[in-house]
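Now for the letters of each chain:
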Amino acid sequence: GILGFAELLSEPDLSGEEKSKYIGVIMKSGQRMLNIINDLIDISKIEAGQMELVVSNTKVNEQLDFLYTFFKPEAESKSIKFNCKKGLGDNESNIITDKEKLYAILTNLLKNAMKYTHAGGVEYGYSQKGEAGKPVLEFFVKDTGIGIAPDRQQAIFERFVQADLQISKPYEGAGLGLAITKAYCEMLGGDLWVESEPGKGSIFRFTIPYQVKQKPVTNKPSQKSIGISEEKLAKLKILAVEDDETADIFLTEILEGKCRELLHVKNGEEAIKTCKANPDIDLVLMDIKMPVMDGYTATREIRKFNTKVIIIAQTAYALAGDKEKAIAAGCNDYIAKPIKKLELYNLLGKHF
Ligand code: ADP
């Protein structure tokens, strides 16, 4: 999809309509490939025992609301019902867990429910359960979709396994989602299982410990981000620290000519040197994984002589724990790769 249509795109005399059609295919294929790569990285990290838990206060109801907003348009476009059942009030549902993993679990299950349901509806939610002294939150994602045959209900949790063994099925996917989801549930101290009837639908359930947070979270006024103005951007001297050529070309495309000056280096060591030689740099876009010296080390070193410069880490989405590490190393913020122009501009608006 990506290579074939990129080649077609390079042909002369294409109509505007053809071009946007090809670009659409490339973007969709790119997104699919990115999803698969992220899944592969996740499963490799899980198997290598390198997937870390990042535990913090988590607002369960807020996550559920966010997922509702996210999936509602898909439900509408398929003309199926979509409901959310929150089992506790907002205050009681603030728990201590790994919020990224909980979010990933629910997203995976809802994605599947949407994918395999063509009539009826999808419902999700949670309730408090468990024995005294061992309370849990039991979540569910229920659909009226194609269902899963009894003899496939265990296998689907294995890696690279899909329930339908016929090759001619119209559903895309690599069969990794549920393996990752189950591993995450277990990492969080819970379990995941399914009840399903072919032709009627499925209900996936999982538990996580109901661990209420100790202190009430102070509601910080939310940092509403608005994109950076052209005038402000024009004043900034920016250092792009990026070893990957394509990523660097992308940064150049969206910043060159719009900011005061754009400098480029390819590793952490060069970044330190350039920051020392240019104390007027306003912003460093710091890649994390680089040869010679990585972004964490470089940031820690830069902070020893410059506490003012804004450093934004560029982290790969799949490596969620990197965000916390970047902040701990001294970065002001982070942005997930692949970088989207609007997101970067919003982030710049927040800091400048
Ligand atoms: P995939 O990316 O192929 O969807 P998953 O690991 O998420 O991989 O799911 C494995 C298989 O389990 C799917 O290929 C599908 O056959 C089956 N499955 C998962 N969720 C559902 C569901 N809600 N309804 C029916 N079948 C499902």
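Residues numbered from 1 in each chain as written. Predicted model: local features only at pLDDT ≥ 70, side-chain atom pairs only at ≥ 80, totals over all residues. Heavy atoms only, no water.

A. Fine view of the site of the ligand. Around the ligand lies a shell of 21 residues, among which Asn112, Asp143, Gln162, Ala163 and Leu178 are the nearest. Here a nitrogen atom of the ligand sits 2.9 Å away from a polar atom, N or O, in the side chain of aspartate 143. At 2.7 Å, a backbone N or O of leucine 178 approaches an oxygen atom of the ligand. Expressed as a share of its isolated accessible area of 530 Å², the protein-covered part of the ligand is 95%. Breaking the shell around the ligand down by element, the ones donating at least two residues are helix H4 (99–115), helix H5 (177–187) and strand E7 (201–209). Ranked by residue count, the leading element in the shell around the ligand is H4, at 3 residues. When grouped by side-chain class, the residues that make up the shell around the ligand number 11 nonpolar, 7 polar and 3 charged. (Near = heavy atom within 4 Å. Polar contact = N/O pair within 3.5 Å; in protein donor to acceptor, adjacent residues only side chain to side chain. Areas by Shrake-Rupley, 256 points an atom, 1.4 Å probe, with all protein chains shown as cover. Helix = DSSP H or I, 4+ residues; strand = E, 2+ residues; numbered from the N terminus. Nonpolar A, V, L, I, M, F, W, Y, C, P; charged D, E, K, R; others polar.)

B. Region of the structure containing the nonpolar core. If you look at the biggest cluster of nonpolar residues, it comprises 42 residues, and the most contacted ones within it are Leu137, Phe139, Phe204 and Phe206. No other element matches the 7 residues that H4 contributes to this core. Apart from the residues within four sequence positions on either side, phenylalanine 204 is in contact with Leu109, Phe139, Phe140, Val141, Ile148, Ile156, Phe157, Leu178, Leu192, Trp193 and Val194. Core analysis: the next-biggest nonpolar cluster, separate from the first, contains 22 residues, Ala271, Ile281, Val309 and Ala326 among them. (Core = buried A, V, L, I, M, F, W, Y, C linked by side-chain atoms within 4.5 Å. Buried < 20%, exposed > 50% of the residue type's maximum accessible area, 1.4 Å probe, protein only. Contact = heavy atoms within 4.5 Å.)

C. Here's a closer look at the state of the cysteines. Overall, the coordinates contain 0 disulfides when judged by the stated rule. In this structure cysteine 84 is not part of a disulfide, and its nearest cysteine sulfur, from cysteine 185, lies 17 Å away. Residue cysteine 84 is classed as partly exposed on the basis of its relative accessible area of 24%. Take cysteine 331: it sits in no disulfide, and the sulfur closest to it among the cysteines is that of cysteine 275, at 11 Å. (Disulfide = S-S within 2.5 Å.)

D. Structural context of the pattern of salt bridges. A complete count under the given rule lists 18 salt bridges for this structure. For the salt bridge of glutamate 138 with lysine 129, the shortest nitrogen-to-oxygen distance reads 3.5 Å. Between arginine 260 and aspartate 280 there is a salt bridge whose closest N-O contact spans 3.7 Å. Of this pair, arginine 260 sits in the loop between helix H7 (245–255) and strand E9 (261–265) while aspartate 280 is found in the loop between helix H8 (268–277) and strand E10 (283–287), placing the two residues 20 residues apart along the sequence. Assessed through its relative accessible area of 34%, aspartate 280 is described here as partly exposed. Linked through salt bridges whose partners overlap, the residues forming this network are Lys237, Arg260, Glu261, Asp280 and Asp282. (Salt bridge = Lys/Arg side-chain N within 4 Å of Asp/Glu carboxyl O.)

E. Focus on the environment of asparagine 91. Position of asparagine 91 among the secondary structure elements: in the loop between strand E2 (81–85) and strand E3 (94–97). Sequence spacing of asparagine 91 and valine 212 is 121 residues, and the spatial spacing of their C-alpha atoms is 9.6 Å.

F. Seen up close, helix H11 (residues 341–351). Buried residues of H11: Leu344, Tyr345, Leu347, Leu348 and Gly349, and no others. The inward-facing, buried residues of H11 contact helix H6 (230–234), H7, E10, strand E11 (310–316) and strand E12 (333–337).

G. Here's a closer look at the sheet that holds E9. One open sheet holds the 5 strands; their spatial order is E9-E8-E10-E11-E12, and the pairing between them is parallel. Both edges of this open sheet fall to E9 and E12, since each of them pairs with a single strand only. Adjacent strand axes in the sheet meet at a mean angle of 20 degrees when their direction is disregarded. Note: E10 against E11, 5 bridges, orientation parallel. Across the sheet, residue leucine 285 finds its bridge partner in E11, namely isoleucine 312. Contacts from helix H9 (residues 295–305) reach E10 and E11 within the one sheet, and its direction differs from that of E10 by about 150 degrees. (Pairing = 2+ DSSP bridges. Axes fitted to C-alpha atoms, helices over the stretch in contact; angles between N-to-C directions.)

H. Structural view of the sheet that holds strand E6 (residues 192–197). Across the sheet, which stays open at both edges, the 5 strands sit in the order E2-E4-E5-E7-E6 with mixed pairing between neighbours. With partners counted over all chains shown, the strands left at the sheet margins are E2 and E6, one partner each. Neighbour to neighbour, the strand axes of the sheet diverge by 20 degrees on average, direction disregarded. Bridging between E6 and E7 involves 6 bridges; their strand directions are antiparallel. When the bridges of E7 are listed, glutamate 197 appears paired with glycine 201.

I. View of a negative patch on the surface. A cluster of acidic residues, Glu7, Glu11, Glu17 and Glu18, forms a negative patch on the protein surface. For glutamate 11, the position within the fold is in the loop between helix H1 (2–9) and helix H2 (16–47). (Patch = residues over 30% accessible without salt bridge, like charges linked within 9 Å, V, L, I, M, F, W, Y side chains within 5 Å. Lys, Arg positive; Asp, Glu negative; His and termini not counted. Charge placed at Lys NZ, Arg CZ, Asp CG, Glu CD.)

J. Looking closely at the environment of arginine 205. Inspection of the secondary structure puts arginine 205 in strand E7. The partly exposed category is assigned to arginine 205, whose relative accessible area is 21%. Considering only alpha carbons, one finds arginine 205 and valine 141, 64 residues apart in sequence, at a separation of 6.6 Å. Excluding its chain neighbours within four sequence positions, the residues that come into contact with arginine 205 are Glu138, Phe139, Phe140, Asp191, Leu192, Trp193 and Glu195. Within polar-contact distance, the side chain of arginine 205 engages the side chain of glutamate 195 at 3.1 Å.

Function-wise, these values are silent; they only describe arrangement.
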